[in-house]
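The primary structure of each chain is shown beneath.
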Amino acid sequence: VMYKVKKCGLKLKPPSLIVEYEDLSSHKQRCRTMPIRNFKKTSNISRAAEELKKNPRHQMLLKDVSQLQVEKMLLIIQETLKGASLDDAISNAQSALTVDPNLDLNKLDESKVEQAKRIMDEGFEQNQLKPGDEDFQYDVEVDFDNVGPVESSGWDDDNSEDNEF
Amino acid sequence: LKYQDEMSSVIKNKSEDVEKLKIICLGDSAVGKSKLVERFLVDGYKPQQQSTYALTLFNYETKLNGKKISVDFWDTAGQERFSSMHPSYYHQAQACILVFDATRKVTYKNLNNWYKELRQYRPNIPCLLVANKIDVDLGVTKRTFAFGTKHNLPQYFVSAANGTNVVKVFRDAIKAALSYKQNPTDFVDQVLQELEHLGNTEEDLIHITCKTEE
Ligand SMILES: Nc1nc2c(ncn2[C@@H]2O[C@H](COP(=O)(O)OP(=O)(O)O)[C@@H](O)[C@H]2O)c(=O)[nH]1
Ligand SMILES: [Mg+2]
C-alpha cells in the first residue's frame, strides 16, 4: 500500500504527533495520531524524534517527514510542558531550529556546527536537483553578469560593523 | 644498470605525460565546500580519507588540450573551525576555490582572514571566489560584493543544491591551476618545475622545498 503524506501537526493532550495522509489505493484521506509516550520537560528531543521515526507502526508515514520537522513538533510540545503559551512555544521552536545568520560557526563546538548543518540540510534538500531527477543536468551555466541593474550587497559597509552586535 | 632503470622510469613518466594538480577549497564552516566538491564529482568518486591530516582528498582525472590531467581536490574535514589551516594544506597547491555563504554575511567578512592566510603561503596562485547557496535567494546575483573586485578575483554565483555554475567553477579552477603550473611565479614553484624536468622523485622535491622555505 502506498501513502502520500499531506500534513504534519500536533496535539498537546496527550502529547501526540498527527499526520494527515492519503491512502493511494483507495484515495481516502486519513489521519494518524501518534502518541509520544513518556515525553517530559527534560526529554532529549532528537532521541525522541528518532524513536518515533523508527516506530514500526509509523515508519511508512514518517519516512516522508524529515527528522527536523518531527523535532520541531516535539519542541513545541515540550515548550508548552515547560509552561509556555502555544504562540510562544511555536516561535521558540522556530528560532531554535533556525540558524542565526549572524552566528560565526567557526566559533562553535563541533556538535553545534553539526546541528546547524542538519538545519541547513532541509533547505538544501528542498532545492536539490540530483542525478535521476527529471530536471537534472550535470553542467548548468548561468551568466549573471548582464541580468539588469545591480545594487550593493551592503556587506562591504564597514561602518555598520560595530552596530551589528 | 641502475642508472638505466632510473632513466627508463623517467622516460615512462614522460610518455604517460600526466600533469598532476592540487586544488584546495577554503572558507568558513558550513559554507558548502564539501557539497560543492560532491556536486562536481556527483557520485562515481570515493574520497580517500586521510584522517591524520584532517582532510579529505578527491582525485579527478580529465583531459585538457589533449593532455592527461590528474587533479587532487583537497577539502577540509572541519579544521576550518579553528579559523586557520595547517600549512601542509596550502603546500604546493596550484589553485584555490574560496567560498562564502551568500546567506550569511559573517562568512563573507571572514574571507579576509582566509585570503590573508592563503597569500601567506601561496602569494600568486589563482584564486576563484564563490558565492554559494544562491538557490536560497536568487536576489544576491543582482548584488555587488567588493571583496572579489578589490583583490581582482574572478567571482561566481553558485548553488551546490541545484548545480548552478558548479561545474564551471571547477573547470575554470583546473584550467587556472594548469596554466599556473606551466608558468609559475613563486620562486619555490620555479625550482620545483626545474626539478620535475630533471625527473626527480617526489621525495627530492619536498626536500628541496623545505630547504628553500627556511
Ligand atoms: N540551500 C543550500 N544549502 C547548501 C548549499 N550548499 C551547502 N548547503 C548546506 O550548507 C550546509 C553546509 O554544507 P557543507 O558542504 O557541509 O559545508 P562545509 O562545512 O563548507 O563543507 C549543509 O547543511 C548543506 O546542506 C547550497 O548550494 N544551497
Ligand atoms: Mg566540509
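Here goes a summary of the coordinates provided. No experiment lies behind these values; they were computed from the predicted model shown.

1. Describing the pattern of salt bridges
Point 1. Scanning the model with the defined rule gives 18 salt bridges over all chains in all.
Point 2. Two residues, A:Lys82 and A:Glu79, come together in a salt bridge whose shortest N-O distance is 3.9 Å.
Point 3. Accessibility expressed as a relative area gives 15% for A:Glu79, which makes it buried.
Point 4. A network of salt bridges, in which partner residues are shared, links B:Asp17, B:Glu19, B:Lys67 and B:Lys181.

2. Topic: the pairing of strand β3 (residues 28–35) of chain A
Residue and element names in this part refer to chain A.
Point 1. In the sheet, strand β2 (residues 16–23) pairs with β3 via eight bridges, with the strands oriented antiparallel. Its bridge partner lying in β3, Glu22 is registered against Gln29.
Point 2. Linking two consecutive strands that pair antiparallel, namely β2 and β3, is a turn of four residues; a positive phi of about 55° is found at His27 within it.

3. Some words on the environment of A:Val5
Point 1. Along the chain, A:Val5 turns up in strand β1 (residues 3–11).
Point 2. Excluding its chain neighbours within four sequence positions, the residues that come into contact with A:Val5 are A:Val19, A:Glu20, A:Tyr21, A:Leu61, A:Asp64 and A:Val65.

4. Some thoughts on the site of ligand 1
Point 1. Inspection of the region around ligand 1 gives 21 residues, with A:Lys117, A:Asp121, B:Ala30, B:Lys33 and B:Asp135 positioned closest.
Point 2. One chain alone does not account for the residues near ligand 1; they come from chains A and B.
Point 3. The separation between an oxygen atom of ligand 1 and a polar main-chain atom of A:Lys117 is 2.7 Å.
Point 4. Here ligand 1 has 580 Å² of accessible area as a free molecule, and 96% of this is covered by the chains.
Point 5. If you list the elements that add at least two residues to the shell around ligand 1, you get α5 (110–127) of chain A together with α2 (33–41) of chain B.
Point 6. Looking at the shell around ligand 1 element by element, the count peaks at five residues for α5(A).
Point 7. When the residues that make up the shell around ligand 1 are grouped by side-chain class, the tally is seven nonpolar, six polar and eight charged.

5. Considering the pairing of β1(A)
Residues and elements named next belong to chain A.
Point 1. Taken together, the eight bridges between β1 and β2 define a ladder with antiparallel strand orientation. Within β2, the position partnered with Gly9 by the bridge is Ile18.
Point 2. Between β1 and β2, which follow one another and run antiparallel, lie four residues.

6. Thoughts on the nonpolar core
Point 1. Ranked by size, the top nonpolar core spans 62 residues in total, and within it B:Ile23, B:Leu26, B:Phe40, B:Phe73, B:Leu98, B:Leu118 and B:Ile174 carry the most contacts.
Point 2. It is helix α7 (residues 166–182) of chain B that contributes the most residues to this core, nine residues altogether.
Point 3. Those residues in contact with B:Ile23 that lie beyond four places of it in its chain are B:Val71, B:Asp72, B:Phe73, B:Trp74, B:Ala95, B:Ile97, B:Ala173, B:Ile174 and B:Ala177.
Point 4. Of all hydrophobic cores here, the second largest spans 30 residues; its members include A:Phe39, A:Leu52, A:Ala89 and A:Ile119.

7. With respect to unusual backbone geometry
Point 1. Cis geometry is found at the peptide bond from A:Lys13 to A:Pro14, where omega equals -10°.
Point 2. Here A:Pro14 is to be found in the loop between β1 and β2.
Point 3. Even without glycine at this site, B:Ser83 takes up a positive phi of about 60°.
Point 4. Mapped onto the fold, B:Ser83 is located in the loop between β4 (67–76) and α3 (87–90).

8. Considering the interface of chain A and chain B
Point 1. Contacts between the two partners involve 39 residues from chain A, matched on the other side by 42 residues from chain B.
Point 2. Of the roughly 3,500 Å² buried where chain A meets chain B, counting both sides, 54% is carbon and sulfur surface.
Point 3. For B:Arg171, the salt bridge goes to A:Asp139, with nearest N and O atoms at 3.2 Å.
Point 4. The interface formed by chain A and chain B contains 19 residue pairs in polar contact (both at pLDDT 80 or more).
Point 5. Of all the elements in the fold, those that place two or more residues in the side of chain A that touches chain B are α5 and β4 (151–152) of chain A.

9. Digging into the packing of aromatic side chains
Where two aromatic rings form a pair, the distance of their centres and the angle of their planes describe that pair.
Point 1. As enumerated under the stated definition, the model contains 20 aromatic pairs over all chains in all.
Point 2. Measuring from ring centre to ring centre gives 5.0 Å for B:Tyr90 and B:Tyr121, while their planes differ by 15°; the resulting arrangement is stacked. Placement of the pair is B:Tyr90 in helix α3 and B:Tyr121 in helix α5 (residues 111–121), with a sequence separation of 31 residues.
Point 3. Following the ring pairs from residue to residue traces out a cluster consisting of A:Phe144, A:Trp155, B:Phe100, B:Tyr108, B:Tyr115, B:Phe145, B:Phe147 and B:Phe157.
Point 4. Against the face of B:Trp74 rests B:Lys22, its NZ or CZ located 3.4 Å from the ring centre.
Point 5. Taking NZ or CZ as reference, B:Lys35 lies 4.7 Å from the ring centre of A:Phe124, over its face.

Each value, and the rule that gives it
- Residues numbered from 1 in each chain as written.
- Chains lettered and ligands numbered in written order.
- Predicted model: local features only at pLDDT ≥ 70, side-chain atom pairs only at ≥ 80, totals over all residues.
- Heavy atoms only, no water.
- Salt bridge = Lys/Arg side-chain N within 4 Å of Asp/Glu carboxyl O.
- Buried < 20%, exposed > 50% of the residue type's maximum accessible area, 1.4 Å probe, protein only.
- Pairing = 2+ DSSP bridges.
- Helix = DSSP H or I, 4+ residues; strand = E, 2+ residues; numbered from the N terminus.
- Contact = heavy atoms within 4.5 Å.
- Near = heavy atom within 4 Å.
- Polar contact = N/O pair within 3.5 Å; in protein donor to acceptor, adjacent residues only side chain to side chain.
- Areas by Shrake-Rupley, 256 points an atom, 1.4 Å probe, with all protein chains shown as cover.
- Nonpolar A, V, L, I, M, F, W, Y, C, P; charged D, E, K, R; others polar.
- Core = buried A, V, L, I, M, F, W, Y, C linked by side-chain atoms within 4.5 Å.
- Buried area = accessible area lost by both parts, 1.4 Å probe.
- Phe/Tyr/Trp six-rings, centres within 6.5 Å; stacked < 30°, edge-to-face > 60°.
- Lys NZ or Arg CZ within 6 Å of the ring centre and 35° of its normal.

None of the figures reported here should be taken as evidence of function without further support.
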